[in-house]
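Examination of the molecular architecture
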Amino acid sequence: QQQSEDEIADRIRDGMILEAEAANTLMALGAEAVPELMKGLDNPNPLVRRWAANILAGIGPDAQQALPVLTEALSDSDAGVRAAARAAVDEIAG
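First things first, this report covers the structure right here in the doc. Within each chain, residues carry numbers counting from 1 in the order of the written sequence. At least 70 in pLDDT is required for a residue's local features to be given in this predicted model, at least 80 for side-chain atom pairs to be given and counted, and no such filter applies to totals for whole chains, interfaces and linings, which use all residues. With hydrogens and water stripped out, all remaining heavy atoms of the structure feed into the side-chain values.

**Re helix H3 (residues 46-59)**
Along an α-helix, a turn takes 3.6 residues, which lines up residues three or four apart on a common side. A helix here means a DSSP run of H or I that spans at least four residues, while a strand means a run of E at least two residues long, and both kinds are numbered starting from the N terminus. Here the expected length of a helix is defined as 1.5 Å per residue gap, with one fewer gap than residues. With 14 residues, H3 extends 20 Å from end C-alpha to end C-alpha; this agrees with the ideal 20 Å at 1.5 Å per step. Burial status follows relative accessibility: with a 1.4 Å probe on protein chains alone, a residue under 20% of its type maximum counts as buried, one over 50% as exposed, and anything between as partly exposed. Those residues of H3 not exposed but buried are Arg49, Ala52, Ala53, Ile55, Leu56, Ala57 and Ile59. Any N or O atom pair separated by 3.5 Å or less is treated as a polar contact, with the protein-specific requirement of one donor-capable and one acceptor-capable atom, and with residues adjacent in sequence counted only for side-chain atom pairs. Looking at where H3 begins, the residue whose side-chain oxygen comes 2.8 Å from the main-chain nitrogen of Leu47 is Asn45. Phi turns positive one or two residues past the end of H3, at Gly60, with a value near 75°.

Structural data, given as structure tokens:
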């Protein structure tokens, strides 16, 4: 049992590292990544929508074209998505 718990913990840790690396790569791409991240805001999974909004916030002013979609996300059914969208709008719009 302990071994399987350790394996699960390793997989979670690996997933978190991969997610962070992907986020850093997308933020480094800047405006080039914005169209795909905008699509992420339409994903049925709220975790994906929140992640996309967070990355757009990390891109900052270079993500101006995402402001209309982020504004729509301010009324998302998920509170986490709404909060991430608000942070992104604030970060992008200044």
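**Brief notes about the nonpolar core**
Counting 24 residues, the largest nonpolar core has Val34, Leu37, Leu41, Leu56, Ile59, Leu70 and Ile92 as the members making the most contacts within it. Put simply, the parts of the chain that give this core at least two residues each are helix H2 (34-40), H3, helix H4 (67-73) and helix H5 (79-93). Think of a nonpolar core as a cluster: buried Ala, Val, Leu, Ile, Met, Phe, Trp, Tyr and Cys residues, connected wherever their side-chain atoms sit within 4.5 Å.

**Some details on the side chain of Arg49**
Among the secondary structure elements, Arg49 is positioned in helix H3. Within the structure, Arg49 has its side chain in polar contact with the backbone oxygen of Asn43 (distance 2.8 Å). Here, residues are in contact when the closest pair of their heavy atoms is within 4.5 Å. Discounting residues that sit within four places of it in the chain, Arg49 has contacts with Gly40, Leu41, Asn43, Pro44, Asp76, Ser77, Asp78 and Val81.

**Notes on the pattern of salt bridges**
Salt bridges, as used here, are contacts in which a Lys or Arg side-chain nitrogen is within 4 Å of a carboxyl oxygen on Asp or Glu. The final tally for this structure, using the stated rule, is 5 salt bridges. The partner of Arg13 in a salt bridge is Asp10, and the shortest N-O contact between them spans 2.4 Å. Note that Arg13 and Asp10 are positioned in helix H1 (residues 2-29) at a spacing of 3 residues, about one turn of the helix. For Arg13, a relative accessible area of 45% translates into the label partly exposed. Overall, the relative accessible area of 37% leaves Asp10 in the partly exposed class.

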